[in-house]
Amino acid sequence: MVHKDPVVVTGMGVVSPLGVGVETNWRRLLEGRSGIVTNDRFDVSGFSCTIAGLVPPKETDIHGFDPREWVDARDIRKMDRFIQYGLAATAEALAQAVWMPEDEGARARTAIIIGTGVGGSPLMAEAVKTILTRGPRRLSPFTVPAFLANLAAGWVSIRYGFTGPIGAPVTACAAAGQAIGDGLRLILTGEADVVVCGGAEGSVDPISIGGFAASRALCTAFNHAPEEASRPFDRDRAGFVLAEGSGILVIERLSHARARGATPLAVLAGYGTTADAYHLTAGHPDGRSAAAAMRQALSMAGLAAEDIDHINAHSTSTEVGDAAELAAISSVFASREKALAIAATKSSTGHLLGAAGAIEAIFSVMALREGVVPATLNLKNPDEAASRFDMVAGKPSHRKLRHVLSNAFGFGGVNASLIFSQIP
């Protein structure tokens, strides 16, 4: 049974607008730092949204990102940004897990599931520009493999020689949550001993910014004050802030981790996933299927709603999405009003689309281990429905945490919920 020998997290890696590395991200998150800045990735003069959650470059931030630290210079042109971020986060996660097997048997029992919402859209945009201005013969032979959604997982497999199951959920903003859930299932069914799982996204580009803005999903009201733009559960919200990065976890059975001397960080206790079957971009207003995903996760974990101490909400800072998630949480956790600590770390990072579920899962594990719930930034005028819970606003809240739930919801009506628990 899963409870006798649970699946545990033994390694984590992060690249986000808060910087590179789990410790850097966690420290800056608790300090109330924002990774949302004026978008200088491309000319935004003709765009209604001029801000984004950009991974800081190494030249401006000692904890920033330089692809040459993680990728051979000859390979950088063979991969779009999301793959580079995925490789960097994976390197950190594997180093913490101390999982670098040299024998073929162990490598064959290692799976890779890394999801993405969009894949290499910056390179796709650049390829179209090349065709229009210079002709199709000027395209690189690496164009297609550089933007394919499964190539973050593919590069990890090739670099480390992992020959177990490989996959890449492309389920919008639920992709990383489903990737972790798929990894859990692979271990529970005995198909893998270790799974490298999470998400990667690098889609701050003209297509994504322009497209999301056209659908009126992006925040355009705080271009003058980027750090105030992402405001989950706040009545003055004005849309989400597009961001980029990667979050990767290494998971395995507790017995497997202990047998090889690895340090278990938290139990991956439960997973649930459902579909809304309602609308392309909006969840059902009453949150019924999101609530079902949370109940499935509780059931797998063998827990009741009363056992959950903290929720890292998916809340993206859109009116429809925030309301539906609050409705779902209210239906599942009605008995936990005022006792359930809810926070939305997208207020600090922005929305990393297909990588969001993994970044927030890692923040959930850190909250569990450190006994502190990070604050939601910019929560000045909470929604009425939010007031019935303990909305951690302004500053972090120190408390004893036993079980933490993390949500990830995506376009197309995809819902994924994960539960992390203390090591027994």
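Note that the coordinates shown come from a computational prediction; the quantities given were computed from them, not determined experimentally.

Residues Met 12, Ile 180, Val 195, Leu 249, Ile 251, Leu 268 and Phe 420 are the most contacted members of the largest nonpolar core, which totals 51 residues. It is helix α13 (residues 356-370) that provides the largest number of residues to this core, a total of 10 residues. In contact with Ile 180, not counting residues within four places along its chain, are Cys 197, Gly 198, Leu 249, Ile 251, Leu 268, Gly 357, Ala 358, Ala 361 and Leu 418.

Right, let's talk about the packing of helix α2 (residues 81-97) against helix α6 (residues 151-160) for a bit. Where α2 contacts α6, the axes come no closer than 9 Å and their chain directions differ by 45°. Viewed along their axes, α2 and α6 adopt a mutual orientation that is oblique. Where α2 crosses over α6, the handedness of that crossing is right-handed. For the pair α2 and α6, the contacting residues are Phe 82, Ile 83, Leu 87, Thr 90, Ala 91 and Leu 94 in the first and Leu 151, Ala 152, Trp 155, Val 156, Arg 159 and Tyr 160 in the second. Of the residues that constitute the contact of α2 with α6, the class distribution is 10 nonpolar, one polar and one charged.

Here we take up the side chain of Arg 231. By the element assignment, Arg 231 lies in the loop between α8 (206-214) and β8 (245-253). What Arg 231 contacts, discounting residues up to four positions off in sequence, is Phe 222, Asp 236, Arg 237, Ser 317, Leu 377, Asn 378 and Lys 380.

Another aspect to go through is the pairing of β8. In summary, the side chains of a regular strand alternate between the two faces of the sheet. Of all the nine residues making up β8, eight are buried; the element is thus mostly covered by neighbouring parts of the structure. As paired strands, strand β1 (residues 7-16) and β8 are joined by eight bridges and run antiparallel to one another. Of the residues in β8, the one forming a bridge with Gly 13 is Ile 248. Sheet topology places strand β7 (residues 194-201) next to β8; eight bridges connect them, and they run antiparallel. Looking across to β8, one finds that Gly 199 is bridged to Gly 247.

The next subject is helix α11 (residues 319-332). If you check α11, its first and last C-alpha atoms are 20 Å apart, about what 14 residues at 1.5 Å a residue would give, namely 20 Å. Turning to α11, its buried residues number three or more, namely Asp 322, Ala 324, Glu 325, Leu 326, Ala 328, Ile 329, Ser 330 and Val 332. On its buried face, α11 sits against α10 (288-301), β10 (310-312), β11 (341-343) and β15 (403-410).

Thresholds applied
Residues numbered from 1 in each chain as written. Predicted model: local features only at pLDDT ≥ 70, side-chain atom pairs only at ≥ 80, totals over all residues. Heavy atoms only, no water. Core = buried A, V, L, I, M, F, W, Y, C linked by side-chain atoms within 4.5 Å. Buried < 20%, exposed > 50% of the residue type's maximum accessible area, 1.4 Å probe, protein only. Helix = DSSP H or I, 4+ residues; strand = E, 2+ residues; numbered from the N terminus. Contact = heavy atoms within 4.5 Å. Axes fitted to C-alpha atoms, helices over the stretch in contact; angles between N-to-C directions. Parallel < 35°, antiparallel > 145°, perpendicular 65-115°, else oblique. Left-handed = near helix turned anticlockwise from the far one by under 90°. Nonpolar A, V, L, I, M, F, W, Y, C, P; charged D, E, K, R; others polar. Pairing = 2+ DSSP bridges. Expected span 1.5 Å × (residues − 1).

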